[in-house]
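Understanding the architecture of this molecule
Read off the chains here:
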2 protein chains.
Amino acid sequence: MKIVLIGAGNVATHLGTALQKAGCSILQVYSRTEESASALAAKLSTDYTLKVEEICGDADLYIVALKDTALQLLASALVKGREQALFVHTAGSMPMDLWKGVAERYGVLYPMQTFSKRREVDLGTVPFFIEASSSEELELLRKIAACLSPKVYEATSEQRKHLHLAAVFACNFANHMYALSSYILKKQGIPFEVMLSLIDETAGKVHELSPVQAQTGPAVRYDENVICKHLDMLVDEASLQELYEMISKSIHNLPLSVSSADKRGKK
Amino acid sequence: MKIVLIGAGNVATHLGTALQKAGCSILQVYSRTEESASALAAKLSTDYTLKVEEICGDADLYIVALKDTALQLLASALVKGREQALFVHTAGSMPMDLWKGVAERYGVLYPMQTFSKRREVDLGTVPFFIEASSSEELELLRKIAACLSPKVYEATSEQRKHLHLAAVFACNFANHMYALSSYILKKQGIPFEVMLSLIDETAGKVHELSPVQAQTGPAVRYDENVICKHLDMLVDEASLQELYEMISKSIHNLPLSVSSADKRGKK
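Calculation criteria
Numbering of residues begins from 1 in every chain and follows the order in which that chain's sequence is written. Labels follow written order: the first chain is A, the first ligand is 1, and so on. Owing to the predicted nature of the model, reporting of local features is limited to residues with pLDDT of at least 70; listing and counting of side-chain atom pairs is limited to 80 or more, with chain, interface and lining totals taken over all residues. Strands here mean DSSP runs of E at least two residues long; helices mean DSSP runs of H or I at least four residues long; both are numbered from the N terminus. Residues are called buried when their C-beta atom has 20 or more other C-beta atoms within 10 Å, exposed when it has 12 or fewer, and partly exposed otherwise; all C-beta atoms are positioned from the backbone. Two residues form a contact once the distance between their C-beta atoms, set from the backbone, is within 7 Å. All domain edges in this entry derive from an automatic or database-based domain assignment. Paired strands, as defined in this entry, are two strands with at least two bridges between them according to DSSP. Orientation is described by axes fitted as lines to C-alpha atoms, over the contacting stretch for helices, and by angles from 0 to 180 degrees between their N-to-C directions. Here, the term right-handed applies to a crossover whose path from the first strand over the helix to the second runs clockwise when the strands point away from the viewer. A least-squares fit on C-alpha atoms brings the copies together, and the residues used are those whose pLDDT is at least 70 in both copies. With respect to orientation, any angle under 35 degrees is reported as roughly parallel, any angle over 145 as roughly antiparallel, any angle of 65 to 115 as roughly perpendicular, and every other angle as oblique. Amino acids outside the nonpolar list (Ala, Val, Leu, Ile, Met, Phe, Trp, Tyr, Cys, Pro) and the charged list (Asp, Glu, Lys, Arg) are all regarded as polar, and Gly is one of them. Under the convention used throughout, the expected extent of a helix is 1.5 Å for every residue step, that is, one less than its residue count. Throughout, bend refers to the angle between the axes fitted to the seven residues that end at a position and the seven residues that start at it. This arc describes the spread of directions from the helix axis toward the C-beta atoms.

Below, the discussion takes up the overall build of chain A. Within chain A, the regular secondary structure consists of 9 helices and 8 strands. With respect to the three principal axes, the spread of C-alpha positions in chain A is 65 × 55 × 30 Å. Relative to its 267 residues, chain A shows a buried fraction of 49%. Once local pairs closer than 6 in sequence are excluded, the contacts in chain A between residues at least 24 apart make up 54%.

The accessible area lost on association of the parts is a frequent measure of interface size. Residue and element names in this part refer to chain A. Per the domain assignment, the segments making up chain A are domain 1 (2-155) and domain 2 (160-266). Using C-alpha coordinates to define each centre, domain 1 is positioned 34 Å away from domain 2. When residues of the side of domain 1 that touches domain 2 are traced back to their parent elements, those giving at least two are strand 6 (105-111) and strand 7 (128-132).

Bringing the sheet that holds strand 2 (residues 25-30) of chain A into the picture now. Residue and element names in this part refer to chain A. The strand order 3-2-1-4-5-6-7-8 describes an open sheet built from 8 strands, whose pairing is mixed. Every other strand in the sheet has two partners, leaving strand 3 (47-49) and strand 8 (152-154) as the edge strands with one partner each. Here the average twist between neighbouring strands, direction ignored, is 25 degrees. Two strands pair when backbone bridges link them, and strand 1 (residues 2-6) and strand 4 (residues 61-64) are joined in this way by 4 bridges, in the parallel orientation. In the strand pairing of strand 4, Val4 is matched with Tyr62.

All names here are of chain B. Of all 5 residues making up strand 1 (residues 2-6), 4 are buried, and the element is well covered by its neighbours. Where strand 1 lies against strand 2 (residues 25-30), 5 bridges are found, and the strand directions are parallel. Counted as the bridge partner of Val4 is Gln28 from strand 2. Once you follow strand 1 into helix 1 (residues 10-21) and on to strand 2, the crossover reads as right-handed.

Take chain A, turn it by 180 degrees, move it 0.0 Å along the axis, and it overlays chain B with an RMSD of 0.0 Å. What the rotation and shift describe, once combined, is the action of a two-fold rotation axis. Minimal C-alpha distance to the rotation axis in chain A is attained by Ala174 of chain A, lying at 2.2 Å. Interface overlap between copies is the fraction of interface residues in one copy that are interface residues in the other; for chain A against chain B it reaches 100%, indicating a shared surface.

Our focus in this paragraph is the packing of helix 5 (residues 157-187) of chain A against helix 6 (residues 196-205) of chain B. For any two helices packed against each other, one specifies the inter-axial angle together with the distance between the axes. Two elements in contact, helix 5 of chain A and helix 6 of chain B, have axes whose closest approach is 10 Å; the angle formed by their N-to-C orientations is 10 degrees. The pairing of helix 5 of chain A with helix 6 of chain B is recorded here as roughly parallel in orientation. Note on element contacts: helix 6 of chain B touches helix 5 of chain A through Leu198, Ile199 and Thr202 of chain B, opposite Ala167, Ala170, Cys171, Ala174 and Asn175 of chain A. Grouping the constituent residues of the contact of helix 5 of chain A with helix 6 of chain B by class yields 6 nonpolar, 2 polar and no charged.

In this section: the sheet that holds strand 8 (residues 152-154) of chain B. Residues and elements named next belong to chain B. The mixed open sheet is built from 8 strands, whose spatial order is 3-2-1-4-5-6-7-8. Of all the strands in the sheet, just strand 3 (47-49) and strand 8 have a single pairing partner and so form its edges. Neighbour-to-neighbour, the strand axes of this sheet turn through a mean angle of 25 degrees, independent of strand direction.

What follows deals with the interface of chain A and chain B. At the interface, 84 residues of chain A touch 84 residues of chain B. The set of elements that each furnish at least two residues to the side of chain A that touches chain B consists of helix 3 (68-79), helix 5, helix 6 (196-205), helix 7 (211-214), helix 8 (224-233) and helix 9 (238-266) of chain A. When residues in the side of chain A that touches chain B are grouped by element, the largest group, 26 residues, is from helix 5 of chain A.

Residue and element names in this part refer to chain B. Taking 1.5 Å of rise per residue, 31 residues should cover 45 Å, and helix 5 (residues 157-187) covers 44 Å from first to last C-alpha, within 8% of that figure. At Val168, helix 5 shows its strongest bend, of approximately 30 degrees. Buried residues dominate helix 5, accounting for 26 of its 31 residues. Positive backbone phi, at 70 degrees, marks Gly189, one or two positions downstream of helix 5.

Mapped onto the secondary structure, Asp122 of chain B falls in the loop between strand 6 (105-111) and strand 7 (128-132). Residues Asp122 of chain B and Lys249 of chain B lie 127 residues apart in sequence; the distance between their C-alpha atoms is 37 Å.

Residues and elements named next belong to chain B. With respect to the secondary-structure elements, Ala77 resides in helix 3 (residues 68-79). A tally of 12 C-beta atoms within 10 Å means that Ala77 is categorised as exposed. In sequence terms Ala77 and Glu53 are 24 residues apart; their C-alpha atoms lie 7.9 Å from each other.

Turning our eyes to something else, we now look at the packing of helix 6 of chain A against helix 6 of chain B. Direction vectors running N to C along helix 6 of chain A and helix 6 of chain B enclose 175 degrees, while the axes themselves pass 9 Å from each other. Here helix 6 of chain A is positioned roughly antiparallel relative to helix 6 of chain B, judged by the angle of their axes. On the side of helix 6 of chain A, the interface is formed by Ile199, Asp200 and Ala203 of chain A, while helix 6 of chain B contributes Ile199, Asp200 and Ala203 of chain B.

Two residues of an α-helix separated by three or four positions point the same way, owing to the 3.6 residues in each turn. Residues and elements named next belong to chain A. Looking at helix 2 (residues 34-43), one finds that the buried residues are Ala37, Leu40 and Ala41. Angular distribution of buried residues about the axis of helix 2 spans 100 degrees; they occupy a single face of the element. Of the residues in helix 2, the exposed ones pointing more than 90 degrees away from the buried face are Glu35 and Ala42. Its buried side turned inward, helix 2 meets helix 1 (10-21), strand 2 and strand 3. One or two steps after helix 2, the chain reaches Ser45, where phi turns positive at roughly 50 degrees.

Following this line, the structure appears as structure tokens:
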């Protein structure tokens, strides 16, 4: 399997490295940014280009891991002259149909994970969501994904965009709560490390209990005494204070929303 | 060491069980709620009472794990007739001084962890923050805490209240982000289990990178295209939509706040 990576960010880096380990041949890396392109090409001992028209034409698979806006801008130019190949993008939020009328063979390979350049990820634990323009392409994508992880699921564009939204909450927003925690500690000269055991347990709990069952703390028991003290402590941090209040209300109200959604579902 | 547990909630249950394992004798459990009191007493094969005046007087240590309001209401009544004993509370948000003028020997034993009745917790990984009315009591508390965990730190009431606030963000608020993620998935009929690998990696990352360095996703790269699509998807969930927007802005702005706080700190 001969592959070209379009994009040289975190996703391209992790996928490219793992696919090469799995025996695929990475022919070339494309990126608009020389620094990223050359770094990833060096890592994979392959070539790179900064120009779309110099992307090589003899790959079987083009994996497009670009920002959504760049993906939309470049799709046609990428396919031109390479119509026989399979084009897939990795973005959770973009529908497969962006390739319709542009490429003949296309699909999506969405690894639901948070990738940072400075941290290794074991792709074997990552769920991959796939979708393709035909059952043949779907089977091909399933084989490629199966080289990377045992967790390969089919998902429609509609399901995938909800998976992506849910992932923003569970990952980016949860991480931001860590960041705000770290910010509060830093102002007191307390190292963030003291929080790690609590963070691990919070993540570990939802393997056994649902997040609503797992919830503890002042908001869920509506302990106004504590909530008011915390709001007072944030008096010089207006946006943090507003966020604290809004999330506390949301914690208090969510069990009601869940139960009314259940009722609606049962009707 | 003879101990009475005041309160029979999650914290009392986990501490009581672990202290008994460590060889302490749990003389009695007090709670206003018969169901909780009898359940914990049965678990510890000990007695319980629902009346403050029936709390036994010959314990060395009274561990008070009550809601903050109940703690304030009951403190005097608890000490009366038991003035020789050591009184400690477990709440992160309550100052040690609530015992001043009430008890002679007092302190705080704050385990920074999220406890649920239905989940076992390895207290050995939990940091305990202690504070006491005298250096003798502090050493006694240090010994008791050291039976439970190797991570025992001294913290003032001022530090502890910030630790508690930071813990609300890193634990309760992060868990709420899981809950909202689960809510979004449930409406699509997708099981929450698909999110666990991402949740684990998000928690794992901050052992290596700071949360600000670890951040990924549309908000930190300010990908307005994705952010607007997500806001559109939440159009029927006004409070979720508002929360999404506010947290995204906070993610985008936090690195600036951190760097300006650093600058203020260096001045």
